[in-house]
Amino acid sequence: MNLERLRAETRAEHESTESVMPLMQAELSQEQYVDVLRKLYPVVRSWEQFALANAPADLTETIQGRQRAGLIAQDLKVLNATAGDDARVFPAESVPGLESGAPTYRASFLGAMYVMEGSTLGGQYIARHLEEVLGLAQGKGDAYFRGYGEHTGEMWRAFKGVLGEVPEEQADSVIAAAKAMFEVFREGMTA
Ligand code: HEM
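Let me sum up the structure you'll find in this document. (Residues numbered from 1 in each chain as written. Predicted model: local features only at pLDDT ≥ 70, side-chain atom pairs only at ≥ 80, totals over all residues.)

### Regarding the overall build of the protein chain
Here is the rule: Secondary structure counts use DSSP, requiring at least four H or I residues in a row for a helix and at least two E residues in a row for a strand, with both numbered from the N terminus. Radius of gyration: over C-alpha atoms. The globule rule applied is 2.2 Å multiplied by the number of residues raised to the 0.38 power. Partly exposed residues are those falling between the two cut-offs: more than 12 but fewer than 20 other C-beta atoms within 10 Å of their own, whereas 20 or more means buried and 12 or fewer means exposed, with C-beta atoms placed from the backbone. Residues are scored as being in contact if the C-beta atoms we place from backbone atoms lie within 7 Å.
Secondary structure assignment for the protein chain yields nine helices and zero strands. Element order for the protein chain, N to C, with α for helix and β for strand: α-α-α-α-α-α-α-α-α. Taken over C-alpha atoms, the radius of gyration comes to 16 Å for the protein chain, in line with the 16 Å a tight globule of 191 residues would show. Here the protein chain, with 191 residues, has 34% of them falling under the buried criterion. In the protein chain, once contacts between residues fewer than 6 apart in sequence are set aside, the share between residues at least 24 apart is 79%.

### Section: the site of the ligand
Rules: Being near a molecule or strand means, for a residue, that its backbone-placed C-beta atom lies within 6 Å of it. When residue character is reported, Ala, Val, Leu, Ile, Met, Phe, Trp, Tyr, Cys and Pro are called nonpolar, Asp, Glu, Lys and Arg charged, and the others, Gly included, polar.
Taken together, 18 residues lie around the ligand, and Arg7, Gly118, Ser119, Leu121 and Gly122 are the ones closest in. Of all the secondary-structure elements, those providing two or more residues to the shell around the ligand are helix H1 (3-9), helix H2 (11-18), helix H6 (105-134) and helix H9 (171-190). Residue contributions to the shell around the ligand peak at eight residues, all from H6. Looking at the shell around the ligand residue by residue, the class counts come to eleven nonpolar, five polar and two charged.

### Considering helix H3 (residues 30-54)
For clarity, the cut-off: Residue count minus one, scaled by 1.5 Å, sets the expected span of a helix. Think of it this way: the bend at a residue is just the angle between two axes, each fitted to seven residues, one set ending at that residue and the other starting at it.
The terminal C-alpha atoms of H3 lie 35 Å apart, and with 25 residues this matches the ideal 36 Å at 1.5 Å per residue to within 8%. Most pronounced at Leu40, the bend in H3 amounts to some 30 degrees, and the proline Pro42 follows within four residues. The complete set of buried residues in H3 reads Tyr33, Leu37, Leu40, Tyr41, Pro42, Val43, Val44, Arg45, Ser46, Trp47 and Ala51. Looking at the buried positions of H3, the neighbouring elements they touch are helix H4 (60-64), helix H5 (69-78), H6 and H9.

### Let's talk about the packing of H2 against H9
Defined as follows: To get an axis, fit a line to the C-alpha atoms, keeping to the stretch in contact for a helix; angles then go from 0 to 180 degrees between the N-to-C directions. The labels follow the angle: roughly parallel below 35 degrees, roughly antiparallel above 145, roughly perpendicular from 65 to 115, and oblique for the rest.
Where H2 contacts H9, the axes come no closer than 9 Å and their chain directions differ by 5 degrees. Here H9 runs roughly parallel to H2, going by the angle between their axes. Across the interface between the two elements, Glu13, His14, Ser16 and Thr17 from H2 touch Lys179, Phe182, Glu183, Phe185 and Arg186 from H9. The residue makeup of the contact of H2 with H9, split by class, is two nonpolar, three polar and four charged.

### Concerning unusual backbone geometry
We note that Asn80 has phi near 60 degrees; this positive angle belongs to a residue other than glycine. Counting through the fold element by element, Asn80 comes out in the loop between H5 and H6. A residue is classified by how many C-beta atoms lie within 10 Å of it, and Asn80, with 9 of them, is exposed.

Here it is as structure tokens:
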């Protein structure tokens with residue numbers, strides 16, 4: 001499928017999700033940052049649990065190698081804050097095509113995954129900003145946003161390789177799932 005079209009068709013959703021995260025503010029306080037992490041944790045964790053249990057067989061290993069919720073918990077500890085909600089269940093019913101047995105399940109799953117994996121790109125900019133305004137040492141309190149660190153580019157290219165192989169006739173399913181996943185994320189951040 002055409003990945004430029006995916007990026008273009010989800011640009012508005014990216015912007016609206018980005019706008020509810022105050023992370024790039026010049027005067028971001030540690031309290032605000034901790035608040036973001038505490039909201040982020042259940043969103044990311046619930047997706048990862050769902051993904052581990054429900055990944056299409058050929059994507060299980062990819063999913064296993066891309067777990068990052070633990071980094072948020074680690075960051076909260078470094079910042080002397082308590083972890084966020086541990087009990088949230090991923091609202092799979094909010095993402096079209098993620099019903100088990102749906103004919104384009106794999107395409108929809110990859111659409112949701114695109115949102116989580118793409119967030120590692122912005123994460124690199126966010127991490128540098130956090131280090132600057134909050135005086136964090138690299139990876140100490142911003143491990144989640146540092147994410148795959150120097151491997152970010154290669155992890156993203158590998159994922160794009162998988163995504164690019166989705167047949168064009170399933171592109172609409174990928175895009176619909178990605179849009180819904182941005183919304184799940186945005187809702188989690190504003191709850
Ligand atoms: C303050 C918050 C955010 C900022 C500043 C930000 C910034 C960015 C930037 C600069 C890129 C392009 C990076 C590049 O091409 O090298 C990007 C890509 C992306 N971001 Fe974000 N982002 C933010 C939040 C998020 C969140 C919360 C999500 C997901 C829930 C997300 C999902 C994505 C995706 C999927 C892409 C890949 C777009 C593509 O190339 O197809 N971003 N972001």
